[in-house]
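# Commentary on secondary and tertiary structure
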Amino acid sequence: MMEASDTEEFGVHAEPLGAPIGGNNELLDVGQEDNQMEEFLGPQAEYNEEEEERKYYRRKRLGVIKNVLAASVGAMIVYSVYMGLLQMQLILHYDMTYREVKYSNLGLEDIDRKMLMGINVTPIISLLYTPVLIRFLGTKWMMFLASGIYALFVSTNYWERYYTLVPSAAAIGVAIVPFWASLGNYITRMAQQYYEYVNYREEHVQEQKKLPKGACHRYIIVFQSVFNSIFNLQKHLVMSLYLLSLPPQLSFVFAEFPMRFVLNGHLNTNKHILHSVKTCGANISGLIPGFNTTILERLPRSMLLIEVESILMGFAFLAMIIFLLLCGAAYRPTEEIDLRSIGWGNIFQLPFKHLRDYRLRLLCPFFIYSGFETMFAVTGFSLSYGVCVLGLDKLWLLIVVYGLSCSVFSSLSLSLLYFPRWVCLVAGAAVHVTLIVVLLALPLRPNNPEMLGPLLVIAALWGLGSALNKTGVSTVLGLLYAEEKERLDFVYAIYHWWQAIAIFIVYLWSNLPMRAKLSILLATLLVACYCYWLMERRLLKKVSFRLPRIPRPRHKVKGYRYLEEDNSDESGSESSDGEEEDGEGDGAEELDREGGGGGQHAASGDSSPAAARRAAEIHHRRRDNVQAKEGESEERPGG
């Protein structure tokens, strides 16, 4: 018993001395935790800063390419949906029987005229508000808002009334120029960003200075070619920019999908539709005199039209989602603030002041011709030549050929990588001059299917000229203002405003003789070529051009709170007061100017290794400067 008790007592006292069964020795783990902490905080042997930085900017470049493709596809879907629905509605509304059945009790016989007047007339005043909208909303959000307005127009066609269609049509007219100006600005800005991400080691890129002249030209050429190639694909789905409807004339262009797969089976024969048409081509006045007002053999079912509109509505929402989720920002947040902070009065005046630049003034005839030739392709040629000669059942084939030609030949602008910038515009002008002369002399008679081949060739060649013209104008603008990122919205707003003016003029001249229209087209093109030659000659002689001064941003950048060491809760006014009292204002402002680039990178979410390293260097330099000045102030009383 005594031995057992001793053993038990010994066991009780000995238990704490041994290692715990199934437990951890916390004293031994302390050293291991210190080693792990040192390994975590210390320099990593496997970490390669240059390699990580290279991977980071490669992801950035891929993001820019994604933005360009997303913007191109979104624009293609938006215009395909909008024009497809508009064309389907106009062909139905043109038919007298359809109007009597649907609109006899509603009094909406002239709704097409009022709706299209809202679309064509409203953009005339767009130069007053386009830069304001782009700078207030931002380039990306302007594209998103404009696509939403197009979706609104599609939705109003479910309930066709004056108070639904006319306001939505006017909203479309308001959004057209800002939408196109935002797209042009966005594509050019993506080219600038791509150059910055490729040459991220350059000093002028790290300090966010003005780009060297001609630095990003090759990227502008490539991105404009890609955008126009993708966007022009929609022309073989939908073939028009604006449609004119002046009863009793048929003056609209048909889209492939709504017409070929929905309405084509409801049309009357060409013999019936073209029964009263006497002549075609250059010999007619208006569009198609004598065109029959009953073009539908039977009316389509209401549910069929609702299904088509629902599908188009779904694609409109898809375009909005593409702009919202797949398109990145065109500018850094600090740059967006700078663009807005120059003052609304200045933003309102600067588009008009930019017209003092002789480069823009001499390009204005090409801007006008760009609107003229697009409208002629989708109204004059397609109707007065295509429909009048081949009939409605063959129009979709002309549309496909023209659209595919525009898309394929837009890639020819890549030749500007090796040739002067005037090659595209001059080549497109030469093609169109030849075709205009051919159209003036071509004898045509109605309902003549043997002319299908020649008309298809003319459609393809006109698409070639249109592709060179559109891509050439956009590329030349980008090349001329490649280094002026704060002027891009003004420049592209002026370009598309002149296009809108040209389209409004075409809206007014729809009843003129075809020879007069072709003569105006030819004269405008020749004047445009002469003015462009004059511009290139002045640039070759280094004649100085006049650019309006853009005011500096009104706010002062004082750094970022997370870089401050002593008091992160100190307000800007307090810190400035303290700096003035200590006599440190000049040094602080100089450091802020040096750290502007790093701060902007941080504010925009640019978390690259190089940006973090530059921010750390700026922080240490600022701290050393403050400590040195504090030491000087302490030595003065002692002396």
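Because the structure is predicted, anything quoted here is derived from the model rather than measured. (Residues numbered from 1 in each chain as written. Predicted model: local features only at pLDDT ≥ 70, side-chain atom pairs only at ≥ 80, totals over all residues. Heavy atoms only, no water.)

When helices and strands are counted, the chain shows 25 helices and zero strands. The burial tally for the chain puts 51% of its 639 residues in the buried class. The long-range share in the chain, meaning contacts at least 24 apart out of those at least 6 apart in sequence, stands at 88%. A total accessible area of about 29,900 Å² is found for the chain, and carbon and sulfur atoms account for 60% of it. (Helix = DSSP H or I, 4+ residues; strand = E, 2+ residues; numbered from the N terminus. Buried < 20%, exposed > 50% of the residue type's maximum accessible area, 1.4 Å probe, protein only. Contact = heavy atoms within 4.5 Å. Areas by Shrake-Rupley, 256 points an atom, 1.4 Å probe, with all protein chains shown as cover.)

To continue, consider the packing of aromatic side chains. Applying the stated criterion across every chain, the model contains 25 aromatic pairs. Taken together, a centroid distance of 4.8 Å and an interplanar angle of 45° make the contact between Phe 367 and Tyr 495 tilted. Linking Phe 367 in helix H16 (residues 358-390) with Tyr 495 in helix H20 (residues 488-508), this pair joins segments that are 128 residues apart in sequence. What makes Phe 367 buried here is its relative accessible area of 0%. (Phe/Tyr/Trp six-rings, centres within 6.5 Å; stacked < 30°, edge-to-face > 60°.)

Core analysis: the largest hydrophobic core is formed by 159 residues, its most contacted members being Phe 179 and Tyr 385. Top element by residues in this core is helix H3 (residues 49-94). It accounts for 21 residues. Other than its neighbours up to four places away in sequence, Tyr 385 contacts Gly 281, Ala 282, Phe 376, Gly 380, Leu 390, Leu 439, Leu 444, Leu 455, Met 514 and Leu 518. The next biggest cluster of nonpolar side chains, apart from the first, holds five residues, and it includes Ile 342, Ile 347, Phe 490 and Ile 550. (Core = buried A, V, L, I, M, F, W, Y, C linked by side-chain atoms within 4.5 Å.)

To continue, consider the side chain of Ser 370. Following the sequence through the fold, Ser 370 ends up in helix H16. Not counting chain neighbours up to four residues away, the residues in contact with Ser 370 comprise Asn 469, Lys 470, Tyr 495 and Gln 499.

Per the stated rule, a full pass over the model turns up one disulfide. A disulfide bridge connects Cys 280 with Cys 388, and the sulfur atoms are separated by 1.8 Å. Handedness here is read from the sign of the S-S torsion; for Cys 280 and Cys 388, about -75°, the answer is left-handed. On the criterion of sequence distance, the pair formed by Cys 280 in the loop between helix H12 (270-273) and helix H13 (302-326) and Cys 388 in helix H16 is long-range, its members being 108 residues apart. We note that Cys 280, like Cys 388, is buried. (Disulfide = S-S within 2.5 Å.)

Using the criterion set out here, one finds twelve salt bridges in the structure. Between Arg 54 and Glu 51 there is a salt bridge, with the nearest N and O atoms lying 2.3 Å from each other. Here Glu 51 and Arg 54 lie together in helix H3, a separation of three residues that amounts to about one turn. For Arg 54, a relative accessible area of 35% corresponds to the partly exposed category. A salt bridge links Glu 196 to Arg 332, with the shortest nitrogen-to-oxygen separation between them at 3.5 Å. Placement of the pair is Glu 196 in helix H8 (residues 162-198) and Arg 332 in the loop between H13 and helix H14 (333-340), with a sequence separation of 136 residues. Each member of the pair Glu 196 and Arg 332 is classed as buried. In the salt-bridge network here, residues are joined through shared partners; they are Arg 189, Glu 196, Arg 332, Glu 335 and Lys 485. (Salt bridge = Lys/Arg side-chain N within 4 Å of Asp/Glu carboxyl O.)

This part takes up a nonpolar patch on the surface. Taken together, Trp 141, Ile 321, Leu 324, Leu 325 and Leu 326 make up a surface patch of nonpolar side chains, about 480 Å² in accessible area. In this fold, Leu 326 is placed in helix H13. (Patch = residues over 30% accessible without salt bridge, like charges linked within 9 Å, V, L, I, M, F, W, Y side chains within 5 Å.)

Our focus in this paragraph is the confidence of the model for the chain. When pLDDT is averaged across the chain, the result is 77; 72% of the residues are at 70 or more. Scored below 50 in pLDDT, residues 558-605 shows 51 contacts in the model against residues more than four places distant or in partner chains. (pLDDT = per-residue confidence, 0-100.)

The subject of this paragraph is the packing of helix H7 (residues 139-156) against H13. Between two packed helices, the angle of one axis relative to the other and the distance separating the axes together describe the packing. Put simply, H7 and H13 touch, their axes get as near as 9 Å, and they point 170° apart. Relative to H13, the element H7 is oriented roughly antiparallel. Residue-level contacts link Lys 140, Trp 141, Met 143, Phe 144, Ser 147, Gly 148, Ala 151, Val 154 and Ser 155 of H7 to Glu 309, Leu 312, Met 313, Ala 316, Met 320, Phe 323 and Leu 324 of H13. Tallied by class, residues from the contact of H7 with H13 come to eleven nonpolar, three polar and two charged. (Axes fitted to C-alpha atoms, helices over the stretch in contact; angles between N-to-C directions. Parallel < 35°, antiparallel > 145°, perpendicular 65-115°, else oblique. Nonpolar A, V, L, I, M, F, W, Y, C, P; charged D, E, K, R; others polar.)

The next point concerns helix H5 (residues 111-121). Among all positions of H5, only Ile 111, Asp 112, Met 115, Leu 116, Gly 118, Ile 119 and Asn 120 are buried. On the buried face of H5, the contacting elements are H3, H7, H8 and H20.

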